[in-house]
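Architecture at a glance
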Amino acid sequence: MTRLRLLPDAPAEPAEERPLHAVVRIGFGPVPLDFDRLAAEFPAVQSGLALAGDVDLELRLACTGPDELRAISTALLRAGAANLQVDLVLRALTRGRPALHPVP
């Protein structure tokens, strides 16, 4: 994302690093959480899924570090989440070409 610069010679702001990725699964309390408000309030919120089942909402986060992840978790609980499950992402899996192995 390119930021607007007021002066043509002003240096561009460095992109904020967000190396800590997590998936947060949320069970709503009495009132559902507003995904659009959460995404606007917390830049770490990258995407979300509304789910049917044991949890109601899954958020994908990219945080600057553990402090931001803790702050978001606390804010979600204060906003009315009944329960929270936070899982750190170790690596992303992407679809690739199938590896064909010889049959012995």
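This text gives an overview of the structure that appears in the document. Note that the structure is predicted; figures quoted are calculated from it, not measured. (Residues numbered from 1 in each chain as written. Predicted model: local features only at pLDDT ≥ 70, side-chain atom pairs only at ≥ 80, totals over all residues. Heavy atoms only, no water.)

This part takes up the pairing of strand β1 (residues 20–28). Where β1 meets strand β3 (residues 57–63), seven bridges bridge the pair, whose relative direction is antiparallel. Counted as the bridge partner of His-21 is Ala-62 from β3. Note: β1 against strand β4 (residues 81–88), seven bridges, orientation antiparallel. What sits directly across from Gly-27, in β4, is Asn-83. (Pairing = 2+ DSSP bridges. Helix = DSSP H or I, 4+ residues; strand = E, 2+ residues; numbered from the N terminus.)

What follows is about the environment of Phe-35. On the secondary structure map, Phe-35 appears in helix α1 (residues 35–41). Sequence separation between Phe-35 and Leu-59 is 24 residues; the distance between their C-alpha atoms is 8.8 Å. Setting aside its immediate chain neighbours within four residues, Phe-35 contacts Val-45, Ser-47, Gly-48 and Leu-59. (Contact = heavy atoms within 4.5 Å.)

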